[in-house]
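An overview of the molecular structure
Next come the chains, spelled out residue by residue.
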Amino acid sequence: MIDTVVNALRQRAAVAEYAVTEVKSRHAQRSAQRASSGDRHEVIAAVFYDDAAGRGDASLIVQPHQLADLSGLIDGAIERARRSRGPSWRLPSPAAPARVELFDDSFADDPAAGAFEIAQQIDKALAASGPLADAAGEFVRAPDASVKVDLISTEVRTSTGFRGVFPASRVLVSLTLSPVGEALEAGTSSLRLHRRRREDLAIEAALIDAAQRLRRRRRARRIDAGVYDLALPARAIEEAGPGFGWFEPLVAQADGAAARRGLARYLPGQPIFGDTDAGGDPLTIASDGTVAFAPLSLPFADHGAPVRRFNLVDKGVAAGLGLDLREAALANSAPNGGVRNLVIEPGSLRTDRAGITQNPLLTVSDLSHLHTDVHTGDFAAAVALGSLDGESVTGATLLGNVYSLLATARLSSEIAQRGWYHGPTEIRFASVQVV
Amino acid sequence: MTAWSRRSVLTALGLSPLLPACGGGGAGNRRATTAVASLGSTRSVLRELVGSMSARFPYAAGLAAISTRRRTMADATEIHREATTRAEVVFTAVDAQGLRLVRRTSDLSPDGLARAAADLVGTATRGDFGKPRTHAAKLDGDPRRPGPWTQHAEQLLDRSRRHGGSRIVYRTTFLDVDDREVVFVGDGRDLLQRVVRARGGVAFVGTAGSTTYTSVAEQASTAGLNTLAIEDDELEAAADSALALLTARRPPSGEFDLVLDPTAAGHFVGRCVAPALLFDQWAIGASRAAALREQSVGSEAVTIIDDPSLPGGFGSYSFDDEGLDAAPRTLIDRGVLRDTLARGRSPSNVYLSGGQAAGRDELMSDVTNGLLLEGALTAYTDAAHWSVGLRASRAREIANGKLTGRLYGPLLLHGDVPGLLGAVRAATSDVRFTAGDDMAMGAPHLLTRGTVVG
């Protein structure tokens, strides 16, 4: 289908440049009461129109049943591009895609079989006398357990001669553990995994961890209000979501378009902490979309933009911006495919030692909610499960500012890889308000 | 992958490969195999295929949706206009053991649909879906036709320049329209509806040092694009809010009488009350509210309803994904928790009914020392505790029944939902809605008591 669209665009004099992406995906999803499968096949084309006022652009989506009306769809896109307006820029010469593996061969060509096998693993672990019951201290169930396997092929071609294609796989596991036989106010723990490879799920260990958290949640007492030091293990950082969780404001500041419009809090070369004194470990954060099998890795991004590793923050100073093809051209810089997996350099913290101030140390295992204001960095986080002096706690809200928090960050010397997060196994922060 | 020919698939389904509705190749059927301008042709194919599935399964249905998303964004240097169309069909069958089988496809050609259906069924007879019913959209401003709305974003940008002056460092306007046509065939019904969800507005950004403050004036509706008018006083208020925050004081902490504006009260209802009333959350033991059914969780002033049939509501629809007609559902009736949301459904237009107070000033007249919370930023609940966290962008001090003029910056209201609902003393009569993702959250101004922290 991509050939047809590319050929049609080539013949339009009004189209100054184009970038065409063909996506073919098949997915299968299994849960206790549901077996779902599906396919998606579409071509997404970006059309660029130039005149004296600058460059306008528009997108069009073509699905298989629409090919006969392709000419009309292209006419519509050209008209929208003509009526759009923006600064002039050109697609750059093609650059080599990153070399990165994203496809789990164990899925072969059968997402349904893959989803079924993983669902069976979960069912087996949930068996009444299995290891989960031991870990939870009671029989458990996961009525909403869901496994989804996606197999995706992406091909991009541009008017500048770029051609690239890559396969990718993706597995999503989602479930809520609760005790058997108790329907009301029973207490739960959840598991959300987003991986590219089956083996990276480590499903049995993850389920046992969820069962242990359920046991702790059932015995947890409410946290008293006060000021605490905060410890975040890698799993809690990865699953804090949505998006990059605690790091969402930093990622938002690294948006090339926001920086160009003057809406960023700081620019490369400026300290990210503002007027706050940085008393923690030196903070260095890179974006790396070239880590094999990491969920946000890609060889190339939209319109064939090459994905490159770059520093977002270097020892507390803003270092780089996420740049797609357009923003890179407008900044007269090289594109890097935007912010992808975060790699945070380790520090010197020994996690077997006490907190970093005189405050009690609250270790957070699960959040039920995290909101970060991407403009100010202010956050509010609801603690679903934590521990305090070995005792399980729940039910409080953490308040503060991400930048103030990061200025105090102490980073463990060991590192972990969990989904998009590659960094210290634990990060500790000083003096967080709990209400 | 299995190699299907159109003839073999249709034969396997018990359908004639020459059925006109399936685009059998004659010139007269050409439209059925080309672009999906609407779902008319797809609807007839669905009737045939779901009929085939009905012979095999106790329940079978097909849901076709074509969605055109039109988005316009304008600022001082750029205008972007997007219009992308995606279509999808979902076949659902429930077998004798209760297992729900689902097959999705983006290929709406008759052959593509037949292949997808054949994944679920091997043999065929016909089903009966009754007379097709169509729910027409009543639109003042149809995105498929030219009208005043086509210049909405540019005109709004021009008007927004009159407000806020040079201290507003950035203004951007937006118009986001999701024009969705849906066909449901199954379970004895053949339905078609068109839902046009539109939201448009302007964002004002002010900057103080390294911090930016944003305030948005927005309208959202399913009643048509010409209903998205934003008055000048709303633009002025949004610009003033962004600027006022630059000099706002640090808010106080403690327990206060609180007047929540409709955005704050609406977020409380939509993000803190309703999520604990999801059927599925009750079923897995994840919601404290499940243990409170038929018990008092609020004062007599609290009645909360979810109504997908609300005319023009941003979350409105005529029928849901299972072909069931939209109908209001009372969740909390004069303080008593009555019901969950329907099985598998999220909130549509969820709102707290209006009260007796004539206006905000009447509510404030009952407050000796309190705060007026405005401009909700976010709200959440931990359903296990049914606790609430609601961030408002600003608060105004109330003393002796009147605003003092003192403005505070962002603050958090926290506590538990039954506690806050139980403390509701009064509400104004006018319910205003705020748009969420495919839903609307409505409330009047509300007087309650709770704990805030700055």
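Residues numbered from 1 in each chain as written. Chains lettered and ligands numbered in written order. Predicted model: local features only at pLDDT ≥ 70, side-chain atom pairs only at ≥ 80, totals over all residues.

1. Things to note about the overall build of chain B
Note the cut-off: Helical segments are the DSSP runs of H or I of at least four residues, strand segments are the runs of E of at least two, and each set is numbered from the N terminus. Neighbour density around each residue's C-beta defines its exposure: 20 or more other C-beta atoms within 10 Å make it buried, 12 or fewer make it exposed, and counts between make it partly exposed, where C-beta atoms are placed from the backbone. Throughout, a residue-residue contact means that the two C-beta atoms, derived from backbone geometry, are no farther apart than 7 Å.
In terms of helices and strands, chain B carries nine helices and 20 strands. Burial statistics for chain B: of 454 residues in total, 52% are counted as buried. In chain B, the share of contacts with a sequence separation of at least 24, taken over all contacts with a separation of at least 6, comes to 73%.

2. Quick notes on the domain arrangement of chain A
All names here are of chain A. Quick note on the threshold: How far each domain reaches was decided by an automatic or database domain assignment.
One can read the domain layout of chain A as domain 1 (2-27 + 36-83), domain 2 (105-220) and domain 3 (226-434). For domain 2 and domain 3, the distance between their C-alpha centres works out to 25 Å. Going through the elements one at a time, strand E5 (146-158), strand E6 (163-179), strand E7 (189-195) and helix H5 (203-219) are the ones with two or more residues in the side of domain 2 that touches domain 3.

3. Notes on the interface of chain A and chain B
Formally: For this classification, Asp, Glu, Lys and Arg are treated as charged, while Ala, Val, Leu, Ile, Met, Phe, Trp, Tyr, Cys and Pro are nonpolar and the rest, including Gly, are polar. Paired strands, as defined in this entry, are two strands with at least two bridges between them according to DSSP.
Taken together, the contacts link 58 residues of chain A with 57 residues of chain B. For the side of chain A that touches chain B, the secondary-structure elements that each account for two or more residues are strand E2 (34-51), strand E3 (54-62), helix H2 (70-83), E6, strand E14 (361-372), strand E15 (378-388) and strand E17 (397-401) of chain A. At nine residues, E2 of chain A tops the list of elements feeding residues into the side of chain A that touches chain B. Considered class by class, the residues forming the side of chain A that touches chain B number 18 nonpolar, 25 polar and 15 charged. Note: E2 of chain A against strand E3 (residues 100-105) of chain B, six bridges, orientation parallel. Paired with Ser37 of chain A across the two strands is Arg103 of chain B, which belongs to E3 of chain B.

4. A short note on the domain arrangement of chain B
All names here are of chain B. Annotation of chain B at the domain level lists domain 1 (6-135), domain 2 (148-181 + 197-247) and domain 3 (254-453). Opposite the 14 residues of domain 1 that make contact, domain 2 presents 15 residues. Here the element with the most residues in the side of domain 1 that touches domain 2 is strand E1 (residues 59-74); it accounts for ten residues. Taken together, the residues of the side of domain 1 that touches domain 2 sort by class into six nonpolar, four polar and four charged.

5. Some thoughts on helix H4 (residues 152-160) of chain B
Residue and element names in this part refer to chain B. What counts is decided by this rule: Starting at the helix axis, one direction is taken to each C-beta atom, and the arc is that of these directions.
By the burial criterion, the buried members of H4 are His152, Ala153, Leu156 and Ser160. Taken end-on, H4 shows its buried residues confined to a sector of 90 degrees, consistent with a single buried face. On the buried face of H4, the contacting elements are E1, strand E5 (168-186), strand E6 (189-208) and helix H5 (232-244).

6. Some words on the sheet that holds strand E10 (residues 285-287) of chain A
All names here are of chain A. The mixed open sheet is built from six strands, whose spatial order is E12-E11-E10-E13-E20-E19. Edge strands, defined here as strands with exactly one partner in the open sheet, are strand E12 (317-318) and strand E19 (415-418). As defined by bridge partners, strand E13 (residues 342-344) adjoins strand E20 (residues 421-424) across two bridges and the pair is classed as parallel. Each residue of the ladder has a partner; that of Val343, found in E20, is His422.

7. Remarks on the sheet that holds strand E9 (residues 304-306) of chain B
The strands making up a sheet are joined through hydrogen bonds of the backbone, oriented either antiparallel or parallel. Residue and element names in this part refer to chain B. To keep it simple, the criterion reads: To get an axis, fit a line to the C-alpha atoms, keeping to the stretch in contact for a helix; angles then go from 0 to 180 degrees between the N-to-C directions.
Strand order in this open sheet of six strands is E11-E10-E9-E12-E19-E18, and the pairing throughout is mixed. On the outer flanks of this sheet lie strand E11 (336-337) and strand E18 (432-435), each paired with one strand and no other. Taken together, the three bridges between E9 and strand E10 (residues 329-333) define a ladder with antiparallel strand orientation. Within the sheet, the bridge partner assigned to Asp306 lies in E10 and is Arg329. Across the face of the sheet, helix H6 (residues 262-273) comes into contact with E9, strand E12 (349-352), E18 and strand E19 (440-443) while running at roughly 125 degrees to E19.

8. Points about the pairing of strand E2 (residues 79-94) of chain B
A regular strand places its side chains so that they alternate between the two faces of the sheet. Residue and element names in this part refer to chain B. Bridging between E1 and E2 involves 16 bridges; their strand directions are antiparallel. Bridged to Ile66 within E2 is Ala87. Taking the residues between adjacent antiparallel strands as the criterion, E1 and E2 are bridged by four residues. Pairing of E2 with E3 involves six bridges; the strand directions are antiparallel. The residue of E3 that forms the bridge with Thr92 is Val102. What sits between E2 and E3 in their antiparallel hairpin is a turn of five residues, with Gly98 showing a positive phi close to 90 degrees.

9. With respect to the packing of helix H3 (residues 111-125) of chain A against H5 of chain A
Residue and element names in this part refer to chain A. Put simply, the rule is: Every angle not falling under 35 degrees, over 145, or within 65 to 115 is termed oblique; those three ranges are roughly parallel, roughly antiparallel and roughly perpendicular. By definition, any crossing whose near helix is turned counterclockwise from its far helix by less than a right angle is left-handed, and any crossing with a clockwise turn is right-handed.
The contact between H3 and H5 brings their axes to 10 Å, and the two run at 40 degrees. It follows from the interaxial angle that H3 and H5 lie oblique. In this structure, H3 crosses over H5, and the sense of that crossing is right-handed. Residues Ile118, Gln121, Ile122 and Ala125 of H3 form the contact with H5, whose participating residues are Ile203, Glu204 and Leu207. A class-by-class count of the residues in the contact of H3 with H5 yields five nonpolar, one polar and one charged.

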